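Report on the structure
Single-letter residue listing:
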Amino acid sequence: MRKHKLGSSDLEVPIVCLGTMTWGEQNTEEEAWQQLDYALEHGVNFIDTAELYPVPPNPKTVGRTETYIGNWLKARGCRDKVILATKVAAPLPGVDRSWIVANRSDPPADHTTCPQPEMDEPSIRAALAASLRRLQTDYVDLYQIHWPARYVPLWGKRQYRVENERPSTSFEEQVRVMGELIKEGKIRHWGLSNETSYGVAQMCEAAKRLGVPPPVSIQNDFAPVYRHYESDLAETCAPSAYNLGLLAYGVLAGGTLSGKYGDGGKPKGRHTDFPEFQSRYHNPRTLAAAAEYAALAKRVGLSPATLAQAWAASRWYMGSVIIGATSMEQLKENIEACLVTLDASTLEEMDAIHLRLKNTNDLD
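Residues numbered from 1 in each chain as written. Predicted model: local features only at pLDDT ≥ 70, side-chain atom pairs only at ≥ 80, totals over all residues. Heavy atoms only, no water.

Remarks on the overall build of the protein
Looking only at helices and strands, the protein features twelve helices and ten strands. Taking the principal axes of the C-alpha coordinates as reference, the protein spans close to 55 × 45 × 40 Å. Out of the 364 residues in the protein, the part that is buried amounts to 55%. Of the contacts made within the protein by residues no fewer than 6 positions apart, 76% connect residues no fewer than 24 positions apart. Carbon and sulfur atoms form 52% of the exposed surface of the protein, whose accessible area is close to 15,100 Å². Here the protein contributes 39 positively and 45 negatively charged side chains, and the mean placements of these two sets differ by 0 Å. (Helix = DSSP H or I, 4+ residues; strand = E, 2+ residues; numbered from the N terminus. Buried < 20%, exposed > 50% of the residue type's maximum accessible area, 1.4 Å probe, protein only. Contact = heavy atoms within 4.5 Å. Areas by Shrake-Rupley, 256 points an atom, 1.4 Å probe, with all protein chains shown as cover. Lys, Arg positive; Asp, Glu negative; His and termini not counted. Charge placed at Lys NZ, Arg CZ, Asp CG, Glu CD.)

Topic: the sheet that holds strand β9 (residues 245-249)
Taken in spatial order, the eight strands line up as β3-β4-β5-β6-β7-β8-β9-β10 and close into a barrel, and their pairing is parallel. Strand after strand, the sheet turns through a mean of 30° between neighbouring axes, direction not considered. As defined by bridge partners, strand β3 (residues 16-19) adjoins strand β4 (residues 46-48) across two bridges and the pair is classed as parallel. Across the sheet, the residue bridging to Leu-18 is Ile-47, located in β4. (Pairing = 2+ DSSP bridges. Axes fitted to C-alpha atoms, helices over the stretch in contact; angles between N-to-C directions.)

Things to note about the pairing of strand β7 (residues 187-193)
Summarising burial for β7: six of the seven residues are buried, a large majority. Here strand β6 (residues 140-145) pairs with β7 via five bridges, running parallel. Across the sheet, residue Val-140 finds its bridge partner in β7, namely Ile-187. For the crossover from β6 across helix α5 (residues 171-183) to β7, the handedness is right-handed. The parallel pair β7 and strand β8 (residues 217-221), bridged by helix α6 (residues 197-210), forms a crossover whose chirality is right-handed. (Right-handed = clockwise from strand over helix to strand, strands pointing away.)

A word on the packing of aromatic side chains
A complete count under the given rule lists eight aromatic pairs for this structure. Aromatic side chains Trp-316 and Tyr-317 sit 5.0 Å apart centroid to centroid with 75° between the ring planes, which places their arrangement in the edge-to-face category. The rings of Phe-222, Tyr-229, Trp-311, Trp-316 and Tyr-317 are connected pair by pair, giving a single aromatic cluster. (Phe/Tyr/Trp six-rings, centres within 6.5 Å; stacked < 30°, edge-to-face > 60°.)

Overview of the side chain of Asn-58
Residue position: Asn-58 is located in the loop between β4 and α2 (64-76). Note on Asn-58: relative accessible area 18%, which makes it buried. A polar atom in the side chain of Asn-58 sits 2.9 Å from the backbone nitrogen of Lys-60. Within the structure, the side chain of Asn-58 is placed 3.1 Å from the side chain of Thr-61, a separation counted as a polar contact. (Polar contact = N/O pair within 3.5 Å; in protein donor to acceptor, adjacent residues only side chain to side chain.)

Digging into α2
In a regular helix each residue adds 1.5 Å, so 13 residues correspond to 18 Å; α2 covers 18 Å between its end C-alpha atoms and thus fits that length. All of the buried residues along α2 are Thr-65, Glu-66, Tyr-68, Ile-69, Gly-70, Trp-72 and Leu-73. Lining the buried residues of α2 we find α1 (29-41), β4, β5 (83-88) and α4 (121-135). Following α2 by one or two positions, Gly-77 adopts a phi angle in the positive range, close to 60°. (Expected span 1.5 Å × (residues − 1).)

Thoughts on the pattern of salt bridges
According to the stated counting rule, one finds 22 salt bridges in the structure shown. Residue Lys-87 pairs with Asp-48 through a salt bridge whose shortest N-O separation is 2.7 Å. On the criterion of sequence distance, the pair formed by Lys-87 in strand β5 and Asp-48 in strand β4 is long-range, its members being 39 residues apart. Like Asp-48, Lys-87 is buried. Between Asp-106 and Arg-133 there is a salt bridge; the shortest N-O distance is 3.7 Å. Highlighted residues: Asp-106 in the loop between α3 (98-102) and α4 and Arg-133 in helix α4, separated in sequence by 27 residues. When salt bridges that share partners are traced, they join Glu-121, Arg-125, Arg-176, Glu-180, Glu-184 and Lys-186 into one network. (Salt bridge = Lys/Arg side-chain N within 4 Å of Asp/Glu carboxyl O.)

Notes on the nonpolar core
The biggest cluster of nonpolar side chains holds 107 residues, and the ones touching the most others in it are Tyr-143, Trp-190, Tyr-229 and Leu-257. No other element matches helix α10 (residues 304-313), which puts seven residues into this core. (Core = buried A, V, L, I, M, F, W, Y, C linked by side-chain atoms within 4.5 Å.)

Observations regarding the packing of α2 against α4
Across the interface, α2 lies against α4 with an axial gap of 6 Å and an inter-helix angle of 45°. Here α4 runs oblique to α2, going by the angle between their axes. Residues Glu-66, Thr-67, Ile-69, Gly-70 and Leu-73 of α2 lie in contact with α4, whose contacting residues are Ser-131, Arg-134 and Leu-135. A per-class count over the contact of α2 with α4 returns three nonpolar, three polar and two charged. (Parallel < 35°, antiparallel > 145°, perpendicular 65-115°, else oblique. Nonpolar A, V, L, I, M, F, W, Y, C, P; charged D, E, K, R; others polar.)

Some words on the packing of α1 against helix α11 (residues 328-337)
Two numbers describe how α1 lies on α11: the axes approach to 10 Å, and their chain directions differ by 25°. As the angle between them shows, α1 and α11 are arranged roughly parallel. Viewed along their axes, α1 and α11 form a crossing whose handedness is right-handed. Here Gln-34, Gln-35, Tyr-38 and Ala-39 of α1 come into contact with α11, specifically with Met-328, Leu-331, Lys-332 and Ile-335. A breakdown of the residues in the contact of α1 with α11 according to their chemical character gives five nonpolar, two polar and one charged. (Left-handed = near helix turned anticlockwise from the far one by under 90°.)

Re the layout of surface pockets
A volume near 520 Å³ is recorded for the second largest pocket. Lining the second largest pocket are 26 residues, and of these Pro-153, Arg-158, Asn-194, Glu-195 and Thr-196 sit closest to its centre. For the lining of the second largest pocket, the secondary structure elements donating two or more residues are α6, β8 and α7 (232-236). Classifying every residue of the lining of the second largest pocket by side-chain character gives eleven nonpolar, six polar and nine charged. (1 Å grid on protein atoms, 1.4 Å probe; cavity = no way out; pocket = protein on both sides within 12 Å on 5 of 7 lines; lining within 4 Å. Points joined across faces, edges and corners; volume = space filled by probe spheres on them.)

Laid out in structure tokens, this is it:
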């Protein structure tokens, strides 16, 4: 299992990170424990979760994923063997997420009396305290801002619309709080997610001004069908610049790049069960690209899922590929996929497909 240090930190992570966002919705607690046991036995000790998981987010299940992980950590007594990452939810105007804030209390508060999530100091501290309680630990190794507090185009949207700008918590306040949490021993490192080059630069420059350790990672959407990271973000986060490791999510485009939705198939899975959630991964252009990658995988003797994840793991800027699974068979394949080395000819063919069907997850 290859390992990398994230950014300039001493946090060494395996090339495979165990994603958890289906636990509590598509997976039971028993199934989550089975995945955790298998992953740890096979060198995958890096676990990524979030306070709002599982997905699709809703008031009935919010926080359930962290609870499952916390119960497992307590039962197995293996906290010192695990690199644990979680995320704090940021504002999302126009969408009621007061129930995320309500779930930060124990027992949960009446969400009708709660504000929307923010990224000011009281909000970050309350969110972390709740995550630590559910995870049954006194620290997390990596604490990530799930998406920016300010307006940015998110989740497939690409056009910046100035009319959507809004007041938000300053970069300095967010960075200062992260620095304090590190000093208090509640987090070891911090990172960004769904962030832009501008945001990375502003966070890192604020860290310099305040004398706070900089973010060590960026968790962004990245797949053969969605390669925006390769341009300005790869430069911004390079070791010669701000030095953040990429934690790639969405590498299989929500399962579309596994090939199981080909030829109009509707097998049990996220896009069948929740067709409105992450629809960017399942539009006609992405399905067309998935068919071409599946054909290439067949020619080179690999499964489509292995091709996509091996490609992601081969990128020079990759810190760790976040895998997700709803079955043990998927989990085993996904771990093994990230250890496969693709030859130059296969990589060239993937680039050629990309040039024909570029960034098919884009929504505007």
